[in-house]
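Commentary on secondary and tertiary structure
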Amino acid sequence: AANFRGDWSMNYREFRGHALIVTVDSNIDPAFKDLGKAVIADGDAVRAILIDPGLCGYADKNVVRLSGADASLQAIKDTLEKMSAIIEEDDPFFLFYSGHGDVGAGGAFLAPVDAVPTQGTGLLTSQLLAEALLKVRSKRKLIAIDACCSGGIDLTGARAKSSKWLGNALLDEMEDGEGIVVIASSRSSESSMILGGDSTSLFTKHLVAGFRGAGGHDEGGFIRVFDLFNYVAVSVRAEWPSQAPVYAAHHQDSNFAVAYCEAVEKRIRPKSLHSEIAHMTKADSLVELFCVLYPLGPTDQELWVRAGGDISRLVLSGTGRIQWVRALRQIDRGLSVSIPDIINVAFEDYPKNRNLEMLRDG
């Protein structure tokens, strides 16, 4: 949104939301196992969802990312302090964390890069997180935590353009509602999984899918917070029964909206595959569709392999969009899996996506 120029601002405005994404793939304490690329991919996928102008509409400049060596306890606290100085009461706030978590003598905690539990240093405890969030004046805070034992995090001490862009009425709806909602990836006694073959953590995979509308939306096209959780909880447990996401709310006054699904459908669904957008070819339409559903490329959620494709034939450099363009060229030349194979597998992930349904049935 920040880079878009023209007279769109006369009719559209940026979403007032702010977000902090924290990913910790490796810790200085060797007791913590390195989590690898999946955790970084978690942050990439969540950021892509937030700044998508047809889903969540966050301004790029309002989404802050801390990862690697920058994701220390002090950096997290300092960043929240800086954000609290600019976030107003009516500005929604979203915090996403992916990394290690555990339970100690003082209860559950998250593990920034400098966390050393045996020394009691660098730990992001429930109390510290609640105190930091208390300074953020937003009346509507959504916290999503992908970490082992994350269900034990207790924040009860805290209170509270063009047609591709969400219009004012839609943004007003998404900015409405109050309360603090925490969606944790697992109970306080459970591990949070990264399954073999997945490009992201299990919880984040389904969280992102839920934001994209995999679990459906209300009649107005909005994906609401409790419905998002319900989809994530059911999907995670179906895939790994020993992991149960947890929902906790404080002063929540409504099932508030977190994304707008209908905008994505309008953006990528032509009246037929060959009309409405005269300049867009079928291949272009497929690229747009797959970039929305699998933004990291053909390897996102192992789509290519699950469809029967040979991943060794793919060129995996560049953005997800570039990878999709190359992959679809391979298909067009008869060198790999078929489009119907990919669509059928994608439909398993997104059974309520009307674009996929139209392609599959057509």
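In the block above lies the structure referred to throughout.
Since this is a predicted model, take the numbers as computed values, not measurements.

1. Section: the overall build of the protein
- If you tally the helices and strands in the protein, you get twelve helices and eleven strands.
- In the protein, buried positions account for 54% of the 362 residues.
- Carbon and sulfur atoms provide 50% of the accessible area of the protein, an area that totals close to 15700 Å².

2. Concerning a nonpolar patch on the surface
- Residues V305, I311 and L316 make up a contiguous nonpolar surface patch of about 220 Å² in total accessible area.
- For V305, the location among the structural elements is in helix α9 (residues 303–306).

3. Side note on the packing of helix α1 (residues 37–51) against helix α5 (residues 202–211)
- Running from N to C, α1 and α5 cross one another at 10°; their axes reach a closest spacing of 10 Å. By the angle between their axes, α1 is roughly parallel relative to α5. Every residue of α5 that contacts α1 at D42, A45, V46 and I49 is listed here: T204, V208 and F211.
- Taken together, the residues of the contact of α1 with α5 sort by class into five nonpolar, one polar and one charged.

4. A word on the pairing of strand β8 (residues 179–184)
- Counting buried residues along β8, six of its six residues qualify, which places the element largely inside the surrounding structure.
- Residues G179, V181 and I183 of β8 are buried on one face, and the alternating residues I180, V182 and A184, pointing to the opposite face, are buried as well.
- When β8 meets strand β10 (residues 246–250), the two strands line up antiparallel, connected through five bridges. Within β10, the position partnered with I180 by the bridge is H250.

5. Examining the sheet that holds strand β3 (residues 93–98)
- Spatially, the six strands line up as an open sheet ordered β2-β1-β3-β7-β8-β10, and their pairing is mixed. At either margin of the open sheet sits one strand with a lone partner, and together these are β2 (63–67) and β10. Going from strand to strand, the sheet's axes swing by 10° on average, the running direction of each strand aside.
- Bridge count between strand β7 (residues 140–146) and β8: six bridges; the pairing is parallel. Counted as the bridge partner of I145 is A184 from β8.
- Strand contacts of helix α2 (residues 73–84): β1 (18–23), β2 and β3, with the helix running at about 175° to β1, the strand carrying the most contacts.

6. Here's the deal with the pairing of β2
- As paired strands, β1 and β2 are joined by five bridges and run parallel to one another. Within β2, the residue paired with V22 across the bridge is L66.
- A crossover links β1 with its parallel partner β2, the connecting element being α1, and its sense is right-handed.

7. Overview of the sheet that holds strand β6 (residues 124–125)
- Pairing is antiparallel across the open sheet formed by three strands, whose spatial order is β4-β5-β6. Sheet topology places β4 (101–104) and β6 at the edges, where each strand pairs with a single neighbour.
- With four bridges joining them, β4 and strand β5 (residues 107–110) adopt antiparallel strand pairing. In the sheet register, G101 faces β5, and the bridge partner there is L110.

8. A closer look at the side chain of D29
- Counting through the fold element by element, D29 comes out in the loop between β1 and α1.
- In this structure the side chain of D29 is engaged in a polar contact, spanning 2.9 Å, whose partner is the backbone nitrogen of A31.
- Aside from chain neighbours lying at most four places away, what touches D29 is A115, V116 and P117.

9. Quick word on the packing of aromatic side chains
- In total, this model carries seven aromatic pairs according to the counting rule given.
- Between the aromatic rings of F226 and F229, the centroid separation amounts to 6.4 Å while the plane-to-plane angle is 40°, which identifies the pairing as tilted. Taken together, the residues F226 and F229, both in helix α6 (residues 225–239) and three residues apart, mark about one turn of the helix.
- Between Y294 and Y350, the aromatic rings sit 5.6 Å apart at their centres with planes inclined by 80°, giving edge-to-face as the arrangement. Placement of the pair is Y294 in the loop between α8 (282–293) and α9 and Y350 in the loop between α11 (339–349) and α12 (354–361), with a sequence separation of 56 residues.
- Exposure remark for Y294: the relative accessible area of 0% places this residue in the buried category.

The rules we used
Residues numbered from 1 in each chain as written. Predicted model: local features only at pLDDT ≥ 70, side-chain atom pairs only at ≥ 80, totals over all residues. Heavy atoms only, no water. Helix = DSSP H or I, 4+ residues; strand = E, 2+ residues; numbered from the N terminus. Buried < 20%, exposed > 50% of the residue type's maximum accessible area, 1.4 Å probe, protein only. Areas by Shrake-Rupley, 256 points an atom, 1.4 Å probe, with all protein chains shown as cover. Patch = residues over 30% accessible without salt bridge, like charges linked within 9 Å, V, L, I, M, F, W, Y side chains within 5 Å. Salt bridge = Lys/Arg side-chain N within 4 Å of Asp/Glu carboxyl O. Axes fitted to C-alpha atoms, helices over the stretch in contact; angles between N-to-C directions. Parallel < 35°, antiparallel > 145°, perpendicular 65-115°, else oblique. Contact = heavy atoms within 4.5 Å. Nonpolar A, V, L, I, M, F, W, Y, C, P; charged D, E, K, R; others polar. Pairing = 2+ DSSP bridges. Right-handed = clockwise from strand over helix to strand, strands pointing away. Polar contact = N/O pair within 3.5 Å; in protein donor to acceptor, adjacent residues only side chain to side chain. Phe/Tyr/Trp six-rings, centres within 6.5 Å; stacked < 30°, edge-to-face > 60°.

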